[in-house]
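Secondary and tertiary structure notes
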Amino acid sequence: EDQVTQSPEALRLQEGESSSLNCSYTVSGLRGLFWYRQDPGKGPEFLFTLYSAGEEKEKERLKATLTKKESFLHITAPKPEDSATYLCAVRLNNAGNNRKLIWGLGTSLAVNP
Amino acid sequence: NAGVTQTPKFRVLKTGQSMTLLCAQDMNHEYMYWYRQDPGMGLRLIHYSVGEGTTAKGEVPDGYNVSRLKKQNFLLGLESAAPSQTSVYFCASSYSPRLTGELFFGEGSRLTVL
């Protein structure tokens, strides 16, 4: 069964305390992995796309990496404004599900000042 | 630049009532989607459209209908609301089929069915 699992469910950090969020997937053919940020009461906001193992993308304090089984979202020296839920989604390489994304449940990140 | 706009933002319905959620995007995107987000369930695709005049079923289409009469608008209808349809509904759009994982979301419509 195609599945996306994010861990931990919740993470509390002190400002400046670096950490990583995990997105592991078991799918029959990956055609892209996507990271989103969602603030309370808002819609998800796109962050990164990763297509192949070894690929990395960076944006400010965030860096996303991809292996054949999982992706990490590394947060370096986080600030309180990085507090949000981070969602991971995987697009399947399957003609019958060409537009299907499988979403993880997210990691809720809180950064204390 | 408004992006994706959803109306209404909040609505309370009684079981059996009908309503329509409106989504409008000003980015000239071809693809539009309706998702629902529930605690412990993640985002689930209800219906989607690959262009004006087209619609297709997603993962959880039962109890919903959609229409895309104009490229910029995507309507989600509930003909007879049920408590199981209490959820937060998100509309999203994307530019091309190759980038259908890069979605632009609206701010959501919170629906409660009593």
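Residues numbered from 1 in each chain as written. Chains lettered and ligands numbered in written order. Predicted model: local features only at pLDDT ≥ 70, side-chain atom pairs only at ≥ 80, totals over all residues. Heavy atoms only, no water.

1. A word on the packing of aromatic side chains
For any pair of aromatic rings, the description consists of the separation of the ring centres together with the inter-plane angle of the planes. Applying the stated criterion to the full structure yields 10 aromatic pairs over all chains. Centroid distance Phe90 of chain B to Phe105 of chain B: 6.3 Å. Interplanar angle 85°. Geometry classified as edge-to-face. Residue Phe90 of chain B is found in strand β9 (residues 87–94), and its partner Phe105 of chain B is found in strand β10 (residues 104–105); the two are separated by 15 residues along the sequence. Here the aromatic residues Tyr36, Phe46 and Trp103 of chain A together with Tyr33, Tyr35, Tyr48, Phe90 and Phe105 of chain B are joined through ring pairs into a cluster of three or more. (Phe/Tyr/Trp six-rings, centres within 6.5 Å; stacked < 30°, edge-to-face > 60°. Helix = DSSP H or I, 4+ residues; strand = E, 2+ residues; numbered from the N terminus.)

2. As for the sheet that holds strand β7 (residues 64–67) of chain B
Residues and elements named next belong to chain B. Ordered by their spatial adjacency, 4 strands build an open sheet running β1-β3-β8-β7, and the pairing between neighbours is antiparallel. If you trace the sheet from one side to the other, it starts and ends with β1 (4–7) and β7, each paired once. Averaged over all neighbouring strand pairs, the angle between strand axes comes to 20°, with direction disregarded. Sheet analysis places strand β3 (residues 19–25) next to strand β8 (residues 73–78), joined by 6 bridges and oriented antiparallel. Bridging across to β8, Leu22 finds its partner in Leu75. (Pairing = 2+ DSSP bridges. Axes fitted to C-alpha atoms, helices over the stretch in contact; angles between N-to-C directions.)

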